[in-house]
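One-letter residues, chain by chain:
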Amino acid sequence: QVQVVESGGGLVQAGGSLTLSCTVSGLPTDDYAMGWFRQPLDKEREAVSCITWTGDRTYYADSVKGRFTFSRHNAANTLYLQMNALKPEVTAMYYCARAQNAGSPVPTITAGAYQFWGQGTQVTVSS
């Protein structure tokens, strides 16, 4: 019943844009932080962008600031990651996740603090 599903990945040329989406069902999202993480091949998983339930606090990795935008449509339990000016270096499996604990005033960026994860969607940027 618990489903976290990402979509929107694919192959794109450097400089192009891509928008990822994530839908959550079977578990509550009210008052929980949500995050986008990525894991390049043979590397550790890292936070890309994380957001509080209200959206009043958002974290972006330094490497994506000004190019990626994280938004959420709470009523539909849907999240989006708009990625612009893509570089080959961002090639990775991208994951959507919900935090384990509710009510945090700031978005948690540690992967271990997120309990529910999607299967991932691959983003590949060609040079």
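Position numbers for residues count from 1 along each chain, tracking the sequence in the order it is written. Side-chain atom pairs in this predicted model are given and counted only at pLDDT of 80 or more, local residue features only at pLDDT of at least 70, and totals for whole chains, interfaces and linings cover all residues. Side-chain numbers come from the whole structure's heavy atoms, not from hydrogens or water.

A. Up close: the pattern of salt bridges. Salt bridge, as used here, is a side-chain nitrogen of Lys or Arg placed within 4 Å of a carboxyl oxygen of Asp or Glu. Scanning the entire structure with this criterion turns up 2 salt bridges. The salt bridge involving Glu46 is made with Arg38; its shortest N-O contact spans 3.0 Å. Assessed through its relative accessible area of 6%, Arg38 is described here as buried. Between Asp62 and Lys65 there is a salt bridge whose closest N-O contact spans 3.1 Å. Relative accessible area serves as the criterion here: at 64%, Asp62 is assigned to the exposed category. Classification of residues uses two cut-offs on accessible area relative to the type maximum, computed with a 1.4 Å probe and protein chains only: under 20% is buried, over 50% is exposed, and between them is partly exposed.

B. Broad picture of the state of the cysteines. Disulfides are defined as cysteine sulfur pairs within 2.5 Å. Taken as a whole and assessed by the stated rule, the structure comprises 1 disulfide. In this model Cys50 remains outside any disulfide bridge; the closest cysteine sulfur is found in Cys96, 10 Å from its own.

C. Structural view of the packing of aromatic side chains. Side-chain rings of Phe, Tyr and Trp (the six-membered ring for Trp) are treated as a pair once their centres are within 6.5 Å; stacked means planes under 30 degrees apart, edge-to-face means over 60, and tilted covers the remaining angles. Going through the model one piece at a time under the given rule, you end up with 5 aromatic pairs. On the basis of an interplanar angle of 70° and a centroid distance of 5.0 Å, the ring pair of Phe37 and Tyr114 is categorised as edge-to-face. Taken as a pair, Phe37 in strand E4 (residues 32-39) and Tyr114 in strand E10 (residues 114-117) lie far apart in primary sequence, 77 residues in all. Of the residues examined, Tyr114 reaches a relative accessible area of 4% and is grouped as buried. Between Tyr114 and Trp117, the aromatic rings sit 6.3 Å apart at their centres with planes inclined by 65°, giving edge-to-face as the arrangement. Residue class for Trp117 comes out partly exposed when judged on its relative accessible area of 25%. Within the aromatic cluster, the residues linked to one another by ring pairs are Phe37, Tyr95, Tyr114 and Trp117. Strands are runs of DSSP state E lasting at least two residues, helices are runs of H or I lasting at least four, and both sets are numbered from the N terminus onward.

Keep in mind that these numbers describe shape and distance, not what the molecule does.
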